[in-house]
Each structure stands twice: as C-alpha cells, then as structure tokens.
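Descriptive analysis of the structure
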Amino acid sequence: MEDHKVITKLQDLTYLKWSHIRSSSGTAGTFLKSESVIDGGKRYYKLSNFDPVNGVVGHECVNEIIVDRLLTLLEVEHVPYSLIHARIQLEGNTIETWLCESSDFKQRGESKLALDNYYAANRNSGESRLDFCIRNGWQEYVETMLAVDYLILNRDRHGANIEVLRNARAHSLRLAPLFDHGLSLLCSCLSEMEAERFDVMEDKRCQNFIGGYSCFENLQMIRDRKNVFQGTLKPEDRKRIFDGLEDALPDIFRKKIWDMIWERYKVLMG
C-alpha cells in the first residue's frame, strides 16, 4: 500500500482561516483547525500546539502521519493524513510550519454523531460503554482501537474522537475509521532534553471513553492480543514510518518514538 505524502516543498497556504480549538485532554495551549474545498471535496487542516507568544511549538501534526503509516502497516482502517510544509497567516503574522491535511471520511448520505452522545441516547439501563459497543457489533473495532492506543500512548480517545456514521436512507450504522492521533507518542515533550528523558514504557494517565485511564490496563478488554491486528510490524519498518520526516522532527524524537512503538508492540504480542 502506498504511503501518503510528506510535502517538504514550502506551500503557500496563507489563504486558510484558522479557528481555535482548546485541547480536551488538559494539555496546555491551543490547537488550530481550518478547512477548504478543493475539486468539490472538503479538506481539513490542523496545526500542532500553538502558543500565542512562541508560535507553533508542538509536533502533533507529525504524530498524525507517523500513526497513519503505522496503522497502514498493521492493516487498521483509519483516516489518512498528509503532512505539509507550509506558510500560513496567523494572527497577523506569516508563519512557516508543518500542518496535516485530511479529507472527509463520510460516505454520501452519512451523518456523524459522537459516540458519547449516541451512547447516552441509546444505551440500556446500567449498560456499560463496552457492553453497548459489543451489542452494536463493534467489539472487534474497540479491541483494535485499544491496542492502537496502547502502542502510541494516545491521551485523547474521548467520546467525540470516536464517531458513529449513520445513513438513514440505507439503514446503515458504522463507526468511523480511527482518526485524531496527534495527542500521542511524545506530544508532551517540547524540547530534545525532554524527549531524551522520556520513559517510553511509562503508563501515563490517558483519557479513554471505552476504557479507563491506563492504556496498559485497557488491554485486558482484548480477547486475543496476538491476533488483534491483521498486519504485522517488523524492525525494518522503522525506515518506512519515518521516511521524509527528517526536517519535520528531530532525530531524538524519531528514535524515542520508534522505541515506544516497537517495545510496546513486543509487549502486546507477548
């Protein structure tokens, strides 16, 4: 399967208008989003963590394409991203940065609803979130999601980052492909020193709508961890995951992120 693009040539995207979205995970800073329509299709753009004083300080957008490539290797359905080196206009200033782009994943006729809202409206009395998903035929999806979130230490799988897609005319109901993985990996590290000191196996507190605050403990919900993915990960996949990211992410970050993914994958596979 072909990797999605990393566009290293500087692009002029100063026409985009950005809106402020506060982080839902307690991370300091602001995340900015924009959208446009190209050839009749809607495109969505996201910036990494933005500080009004220091500008774009995070690398969440790079995380998106790293996880995109990882999930491609593991054969997990997900929203594909592109990473773009761009010039943008923000609060009256022209900034050179990296941003990620994705397309609308809804099919024609589908509407979307956050899983937390769908659960609140349709659950049975006393029914847990996991049992609700099992009743709706989503157990395999949930198990795969929990395994992915463990590998990348995803801090932000809240109830709106899992979406239900409905087509009333076709009477269809499905969960959206996995998306929004910026607040994962080494997202809390803003310097190379912090990255160097980061413990890739530490079970940091995470937000998860289906499970609890521990990505490791959430693995107990998976029936067969060794077969949770259709694809496999190999040491030589490191090159494919980080290809073209040399200018977007320092070497120590790439090293530690690979250590995280690979060491956690070995634990997951037992």
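The preceding data block contains the structure.
As the structure is a computational prediction, the values presented were derived from the model and not from experiment.

1. Some points on the sheet that holds strand β12 (residues 172–175)
- Read from one edge of the open sheet, 3 strands run β9-β11-β12, paired in antiparallel fashion. Two strands bound the open sheet, and with one partner strand each, they are β9 (111–114) and β12. Between one strand axis and the next, the sheet turns through 25 degrees on average, direction left out of account.
- Of the strand pairs in this sheet, strand β11 (residues 163–167) and β12 are connected by 4 bridges, and their pairing is antiparallel. The residue of β12 that forms the bridge with R166 is L173.
- Taken strand by strand, helix α2 (residues 115–122) contacts β9, β11 and β12, and its axis lies near 80 degrees from that of β9.

2. Notes on the packing of aromatic side chains
- Evaluation of the coordinates by the stated rule reveals 9 aromatic pairs.
- On the basis of an interplanar angle of 55 degrees and a centroid distance of 6.1 Å, the ring pair of Y150 and F216 is categorised as tilted. In this pair, Y150 is assigned in helix α4 (residues 139–152) and F216 in helix α6 (residues 215–218), connecting sequence segments 66 residues apart.
- In this structure an aromatic cluster arises from ring pairing among Y118, Y119, F132, W138 and F209.

3. A look at the nonpolar core
- I66, L83, L115, F229, L233 and L268 are the most contacted members of the largest nonpolar core, which totals 68 residues.
- Here the element with the most residues in this core is helix α8 (residues 251–269); it accounts for 10 residues.
- Not counting the four nearest positions on each side in its chain, L233 is found in contact with L70, L73, L74, I241, W258, I261, W262 and Y265.
- Core analysis: the next-biggest nonpolar cluster, separate from the first, contains 13 residues, L47, I84, L90 and I95 among them.

4. As for the pairing of strand β7 (residues 82–90)
- With respect to burial, β7 is a largely interior element, 7 of its 9 residues being buried.
- Where strand β1 (residues 6–12) meets β7, 4 bridges bridge the pair, whose relative direction is parallel. Within β7, the residue paired with D12 across the bridge is R87.
- As defined by bridge partners, β7 adjoins strand β8 (residues 93–103) across 9 bridges and the pair is classed as antiparallel.

5. A look at the pattern of salt bridges
- Counting across every chain of the model gives 15 salt bridges.
- The salt bridge involving E263 is made with K266; its shortest N-O contact spans 3.3 Å. Linking E263 with K266, this pair stays in helix α8, spanning 3 residues, or about one helical turn.
- Residue classification places E263 among the partly exposed residues on the basis of a relative accessible area of 32%.
- Under the relative-accessibility criterion, K266 is labelled partly exposed at 39%.
- Among the charged side chains, a network of salt bridges with common partners joins K46, E64 and D180.

How each quantity is defined
Every chain's residues receive numbers from 1 upward, in the order its sequence appears when written. For a predicted model such as this one, the threshold for reporting local features is a pLDDT of at least 70, and the threshold for listing and counting side-chain atom pairs is 80 or more; totals across whole chains, interfaces and linings nevertheless cover every residue. Only hydrogens and water are set aside; all other atoms, that is, all heavy atoms of the structure, feed into the side-chain values. A pair of strands is treated as paired once DSSP finds two or more bridges between them. Secondary structure elements follow DSSP: runs of H or I of four or more residues count as helices, runs of E of two or more count as strands, with numbering from the N terminus. Throughout, an axis means a line fitted to C-alpha atoms (over the contacting stretch in the case of helices), and angles, computed between N-to-C directions, take values from 0 to 180 degrees. For this analysis, residues touch if any pair of their heavy atoms sits within 4.5 Å. Geometry of aromatic contacts follows a simple scheme: Phe, Tyr and Trp rings, the Trp one being its six-membered ring, pair when their centres are within 6.5 Å, and the pair is stacked under 30 degrees between planes, edge-to-face over 60, tilted otherwise. The nonpolar core is taken to be a set of buried Ala, Val, Leu, Ile, Met, Phe, Trp, Tyr and Cys residues, with the residues joined through side-chain atoms within 4.5 Å. Only protein chains enter the accessibility calculation, which uses a 1.4 Å probe; a residue whose area is less than 20% of its type maximum is buried, one above 50% is exposed, and one in between is partly exposed. The salt bridge definition used is simple: a Lys or Arg side-chain nitrogen within 4 Å of an Asp or Glu carboxyl oxygen.

Shape descriptors only; they carry no functional weight alone.
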